Amino acid sequence: MSESRLREEICRYGRSLFERGLTPGSSGNISLRLDDGGWLVTPTNASLGFLDPGRISRLDGRGNLVSGDKPTKEIPLHTALYESRGSARAIVHLHSTHAVALTMLPEIDPRAALPPMTPYYLMRAGETALVPYYRPGDPAVADAIRGLAGKYSSVLLANHGPVVAGDSLEAAVFATEELEETAKLYLLLRNLNPRYLSPDQVTDLAKTFGLDLPSLHDHEGHDHG
C-alpha cells in the first residue's frame, strides 16, 4: 500500500475510534512502521477524529522528524513495542474508558490483566500485561515495555490506557477494540463469579488458531521445573 493510502488509513481508523467514544479529545495516538524503517505517527495534541493526512508526522528509522507536524510525545512507548515485537507493523494507543478503569482495580494480575473471558479476546488481543504508572511521555515507560521481552502484543498502562500492536493497522485497531469490550465485560461481571474459559479451552484455541500466549509458556516452564 502506498504511503498516501496509509496516511488515509490512519485518518479513517482514527475517526472511527474517536466517533465511537473510544478516545476523547486529543488523546490517543496511532503509528505505522514503513518498509524503509521509518514511521508514520499521529501528531501531538491532535484529535484522532480530525486528522489531516498531509500533516501526519513522518519519522526516519532513528525517530527524527522528516515531515509533517511534531509527533506525539508517546514516541518512547511506540519505539519500545516495535523494538520488542518484531512482527509489529502498527500500534494503537487509546484512553478508552473501560480499559483505563480496569488498570485501577487492586486485584489485576500484571501478567494477565484480564482472564480468558471470550475466544475473540484471546484470538485478537492475546493476553494483556499491566505496567505501572508513568507520567505520559516518560522514557521510563519504554524500559517497562522492553521488560516484557516482546511476549505481549497488548499492554495496559496503569491509570492511562491500552497500547496494542498488530501486523497491520486493521489488526491493531480490532485488537484494541476487543480489549476494550473485554474490559467492559469484566467490569460488568466483577464479583459475580462468572464462568471463564477453562485451561483446556484456552489450549484448544491456541492450537487451532496458532496463538502464542504467554501463560502457555509459563505452564510449560512449570511442567519441566
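Residues numbered from 1 in each chain as written. Predicted model: local features only at pLDDT ≥ 70, side-chain atom pairs only at ≥ 80, totals over all residues. Heavy atoms only, no water.

A.B. asks: Help me understand the overall build of the protein chain in this model?
C.D. replies: The helix and strand tally for the protein chain stands at 8 helices and 8 strands. Against the 2.2 N^0.38 benchmark of 17 Å for 225 residues, the protein chain shows a C-alpha radius of gyration of 17 Å, consistent with a compact globule. Based on the C-alpha atoms only, the size of the protein chain along its principal axes is roughly 50 × 35 × 30 Å. Across the 225 residues of the protein chain, 49% fall into the buried class. Long-range pairs, those at least 24 residues apart, make up 67% of the contacts in the protein chain between residues at least 6 apart in sequence. (Helix = DSSP H or I, 4+ residues; strand = E, 2+ residues; numbered from the N terminus. Rg over C-alpha atoms; globule rule 2.2 N^0.38 Å. Buried < 20%, exposed > 50% of the residue type's maximum accessible area, 1.4 Å probe, protein only. Contact = heavy atoms within 4.5 Å.)

A.B. asks: Help me out: how do you make sense of the packing of helix α1 (residues 3-19) against helix α6 (residues 169-189) in this one?
C.D. replies: Each pair of packed helices gets described by two things: the angle between the helix axes and the distance between those axes. At their nearest, the axes of α1 and α6 sit 11 Å apart, and the two run at 10 degrees to each other. With respect to each other, α1 and α6 are oriented roughly parallel. Where α1 abuts α6, its residues Glu9, Ile10, Tyr13 and Leu17 lie against Leu169, Glu170, Val173 and Glu177. Class assignment for the residues of the contact of α1 with α6 results in 5 nonpolar, no polar and 3 charged. (Axes fitted to C-alpha atoms, helices over the stretch in contact; angles between N-to-C directions. Parallel < 35°, antiparallel > 145°, perpendicular 65-115°, else oblique. Nonpolar A, V, L, I, M, F, W, Y, C, P; charged D, E, K, R; others polar.)

A.B. asks: Help me out: how do you make sense of helix α7 (residues 199-209) in this one?
C.D. replies: For an α-helix, 3.6 residues make a turn, and residues three or four places apart therefore share a direction. Of the positions making up α7, those classed as buried are Val202, Leu205 and Ala206. Relative to the axis of α7, the buried residues are bounded by an arc of 95 degrees and lie together on one face. Of the residues in α7, the exposed ones pointing more than 90 degrees away from the buried face are Asp200, Lys207 and Thr208. Positioned one or two residues after α7, Gly210 has a phi angle of 65 degrees, which is positive. (Arc of directions from axis to C-beta.)

A.B. asks: How do you make sense of the confidence of the model for the protein chain when you look at a structure like this?
C.D. replies: In the predicted model, the protein chain carries a mean pLDDT of 94, and 96% of its residues have values of at least 70. Contacts for the low-pLDDT stretch residues 221-225, under 50 throughout, to residues beyond four places or in other chains number 0 contacts. (pLDDT = per-residue confidence, 0-100.)

A.B. asks: Would you mind showing me how to read α1 here?
C.D. replies: For α1, built from 17 residues, the straight-helix expectation of 24 Å at 1.5 Å per residue is met to within 8% by its first-to-last C-alpha distance of 24 Å. Among all positions of α1, only Leu6, Arg7, Glu9, Ile10, Cys11, Tyr13, Gly14 and Leu17 are buried. Buried residues along α1 sit in contact with β1 (29-33), β2 (39-41), β3 (57-59), β4 (65-67), β5 (90-93) and α6. At the exit of α1 stands Gly21, carrying a positive phi of roughly 75 degrees. (Expected span 1.5 Å × (residues − 1).)

A.B. asks: Explain the pairing of strand β7 (residues 154-157) to me, please; I cannot follow it from the model alone.
C.D. replies: Regular strands have side chains that alternate between both faces of the sheet. What you see with β7 is no split at all: Ser154 and Leu156 on one side and Val155 and Leu157 on the other are buried throughout. Pairing of strand β6 (residues 128-131) with β7 involves 4 bridges; the strand directions are parallel. Following the sheet pairing, Thr128 is matched in β7 by Ser154. Crossover connection from β6 via helix α5 (residues 140-146) to parallel β7: handedness right-handed. (Pairing = 2+ DSSP bridges. Right-handed = clockwise from strand over helix to strand, strands pointing away.)

A.B. asks: Would you mind going over the pairing of β1 with me for this structure?
C.D. replies: The element β1 is extensively covered by neighbouring structure, given that 4 of its 5 residues are classed as buried. As paired elements, β1 and β5 share 4 bridges and run antiparallel to each other. What sits directly across from Leu32, in β5, is Ala90. Here β1 folds back onto β2, and the loop between the two strands holds 5 residues, one of which, Gly37, carries a positive phi near 95 degrees.

A.B. asks: I keep staring at the sheet that holds strand β8 (residues 161-166) and nothing clicks. Help me out?
C.D. replies: Spatially, β4-β3-β2-β1-β5-β8-β7-β6 is the arrangement adopted by the 8 strands of the open sheet, whose pairing is mixed. The sheet is open, and its two edges are formed by β4 and β6, each paired on a single side. Taking each pair of neighbouring strands and ignoring which way they run, the sheet shows an average axis angle of 25 degrees. Pairing of β2 with β3 involves 3 bridges; the strand directions are antiparallel. Of the residues in β3, the one forming a bridge with Val41 is Ser57. Contacting β1, β2, β3, β5, β7 and β8, helix α2 (residues 75-84) crosses the sheet at an angle of about 40 degrees to β1. Contacting β1, β5, β6, β7 and β8, α6 runs over the sheet at an angle of about 145 degrees to β8.

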